[in-house]
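# Fold and geometry: a report
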Amino acid sequence: MAQSPAPWASRLPGQPALALNASSAPAGANSTPELGGGGWRSREPFSIFSVLILTLLALLTLATFLWNLLVLVTILRVKTFHRVPHNLVASTAVSDALVAALVMPLSLAKELSAGRRWRLGRALCHVWISFDVLCCTASIWNVTAIALDRYWALSRHLQYTLRARRRVSNAMIGLTWALSAVISLAPLAGWGETYSPAQQRCQVSQEPSYAVFSTCGAFYLPLCVVLFVYWKIYKAARFRIGGRRRNAVLPLPERGPVKEASHEPQMVFTARHATIAFQTDGETWREQKEKKAALMVGILIGVFVLCWIPFFITELISPLCSCNIPPVWKSIFLWLGYSNSFFNPLIYTAFNKNYNNAFKNLFVRQR
C-alpha cells in the first residue's frame, strides 16, 4: 500500500513532496538527500513494501478484468448459456469487468501519488467516482439478483417457469443498473461535493444525507435481502429434502410362499424382496443439485459480506460522526471491496461444470 503522508504534509496541503523536503531542510544545506540520511533510512523499508503491495494490486486488477472477460466471452459463444440464470451471471461479469477496467486503474494511480492526493483534475475525478459507485453498486445488486433467482427457483419451481424466470431476471437487471445510476449520479446534481482542489482530494460525497442514502441503497438494503434469501433457501432445502424422506416408500418385508388350500392346480405367489422403491436412503440428483446451488449462493453471499462490510461501515460512520479514519485503512477497505469483483466469477463458475467444460473447449479451439 502507498505510504501515508508525512506529518508535515497535513499542515501544508497542496505542496509537492519534494518541495516540502527542500523547504524543511536548513538554510545552506544540500537539498539532495544522501543515502546516509535518516529520512532515507526510515523511508526505504516502506518504499519496498509499497512496491510489493502496488504490484499485487496491479496483478489483482489485471486478473479481475481477464477472468470476467473470459466469462463474458464464454457466455456469448456458447448458445446453451443464452438463457436464465446466465444472463444474471453476464450482468455481474459486466459490472465486475468495468470495475477492473475503469475504476481500479485510477484508484491505483491515486495510491501511487504522494499522500494519496488526486492530481488528475475535477472532470476525471467526477468520472472516476461516478463509475466507482455505479459499477460497485451494480455488482452488489447483481449478486442479490442471483440469490433471489436461486430462491424462487427452489421455492416456487412450479410457478417459476422458464418464461417467468426470463421476464423476472431481465426486470431485475434493469432495476439493478437503474438504481446504481441514480446513486452514482446524485452528487453530480449537487448532492455533496466529490472533489476538493485545495486539498487535492477526490472521494465519494461526504454529505451526511447522501452517505446514508448511498450506503443503504448500495449495500445495507441488498445485505438484508441476501441474508433473508439465504435463510429461506436453507430452510426450503431442508424442508423439501426432509419431506421426501418422510414420504419415502419403504421395502416390503419378506414373505414365504402362500400355501395351497386344496390339491387343485393353483398359482402360487411369492414375494421375497421389494424390487421397486420410489425413495432410498441416498440423495436424488435434484437434491444434490439443490444443495450445491445453496452452497454456491452461501459462499457468494459470505464473500460479498466479508469484502464490503468494512468499507461501508466506515463510509457510513465517517460523515456522521466526523471521524478521521487513517487513509491507509480507507485504502485497505476499498481494495478489499474491489477484490469481490475478482471472487465473484471464481465462485459461480467453480460450482458449475458447464462453465469448466466451456472454458476447456474454448482454449482447445483456440489451439
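The text that follows walks through the structure, step by step, so that each part is easy to find. Bear in mind the structure is a predicted one, so any value in this text is a computation, not a measurement.

Moving on to the overall build of the chain. Within the chain, the regular secondary structure consists of 10 helices and 2 strands. The linear arrangement of helices and strands in the chain, starting from the amino end, is α-α-α-α-α-β-β-α-α-α-α-α. The buried share of the chain, reckoned over its 367 residues, is 39%. Sequence separation of at least 24 residues holds for 77% of the intrachain contacts in the chain that already meet a minimum separation of 6. Carbon and sulfur atoms provide 66% of the accessible area of the chain, an area that totals close to 21,500 Å².

This model, assessed by the stated rule, comprises 1 cavity of 30 Å³ or more. Val-133, Val-204, Ala-218, Phe-311 and Phe-312 are, among the 19 residues lining the largest cavity, the residues nearest its centre. Looking at the lining of the largest cavity, the elements that each hand over two or more residues are α4 (122-155), α6 (208-246), α7 (285-321) and α8 (327-338).

The next subject is the state of the cysteines. The full count for this structure, using the stated rule, is 1 disulfide. Not engaged in a disulfide, the cysteine Cys-135 finds its nearest cysteine sulfur in Cys-136; these two sulfurs lie 6.9 Å apart. Left without a disulfide partner, Cys-224 is nearest to the cysteine sulfur of Cys-216, which lies 8.8 Å away.

The next point concerns the nonpolar core. Ranked by size, the top nonpolar core spans 69 residues in total, and within it Val-71, Trp-128, Phe-304, Trp-308 and Tyr-338 carry the most contacts. For this core, the leading source of residues is α4, giving 14 residues.

Taken together, Leu-62, Phe-65, Leu-66, Leu-69 and Val-73 make up a surface patch of nonpolar side chains, about 390 Å² in accessible area. Along the chain, Leu-69 turns up in helix α2 (residues 38-77).

Another aspect to go through is unusual backbone geometry. Most peptide bonds adopt trans geometry, and most residues besides glycine take a negative phi value. Here Val-84 and Pro-85 are connected by a cis peptide whose omega angle stands at 0 degrees. Assignment of secondary structure puts Pro-85 in the loop between α2 and α3 (86-112). In this model, Gln-200 sits at a positive phi of 50 degrees, which is unusual for a non-glycine residue. Relative to the assigned elements, Gln-200 resides in the loop between β1 (195-196) and β2 (201-202). Here Gln-200 falls in the buried class, since its relative accessible area comes to 17%.

With that settled, consider the packing of α3 against helix α5 (residues 162-185). It is at 9 Å that the axes of α3 and α5 come closest, and there the two elements cross at 20 degrees. Of the possible angle classes, the one that applies to α3 and α5 is roughly parallel. Between α3 and α5 lies a crossing whose hand is right-handed. Across from Asn-87, Leu-88, Ser-91, Val-94, Ser-95 and Leu-98 in α3, the residues of α5 making contact are Ser-169, Asn-170, Met-172, Ile-173 and Trp-177.

A separate point is α5. If you check α5, its first and last C-alpha atoms are 35 Å apart, about what 24 residues at 1.5 Å a residue would give, namely 34 Å. Listed as buried for α5 are Ala-164, Arg-165, Ser-169, Met-172, Ile-173, Thr-176, Ser-180, Ile-183 and Ser-184.

Rules of the game
- Residues numbered from 1 in each chain as written.
- Predicted model: local features only at pLDDT ≥ 70, side-chain atom pairs only at ≥ 80, totals over all residues.
- Heavy atoms only, no water.
- Helix = DSSP H or I, 4+ residues; strand = E, 2+ residues; numbered from the N terminus.
- Buried < 20%, exposed > 50% of the residue type's maximum accessible area, 1.4 Å probe, protein only.
- Contact = heavy atoms within 4.5 Å.
- Areas by Shrake-Rupley, 256 points an atom, 1.4 Å probe, with all protein chains shown as cover.
- 1 Å grid on protein atoms, 1.4 Å probe; cavity = no way out; pocket = protein on both sides within 12 Å on 5 of 7 lines; lining within 4 Å.
- Points joined across faces, edges and corners; volume = space filled by probe spheres on them.
- Disulfide = S-S within 2.5 Å.
- Core = buried A, V, L, I, M, F, W, Y, C linked by side-chain atoms within 4.5 Å.
- Patch = residues over 30% accessible without salt bridge, like charges linked within 9 Å, V, L, I, M, F, W, Y side chains within 5 Å.
- Salt bridge = Lys/Arg side-chain N within 4 Å of Asp/Glu carboxyl O.
- Axes fitted to C-alpha atoms, helices over the stretch in contact; angles between N-to-C directions.
- Parallel < 35°, antiparallel > 145°, perpendicular 65-115°, else oblique.
- Left-handed = near helix turned anticlockwise from the far one by under 90°.
- Expected span 1.5 Å × (residues − 1).

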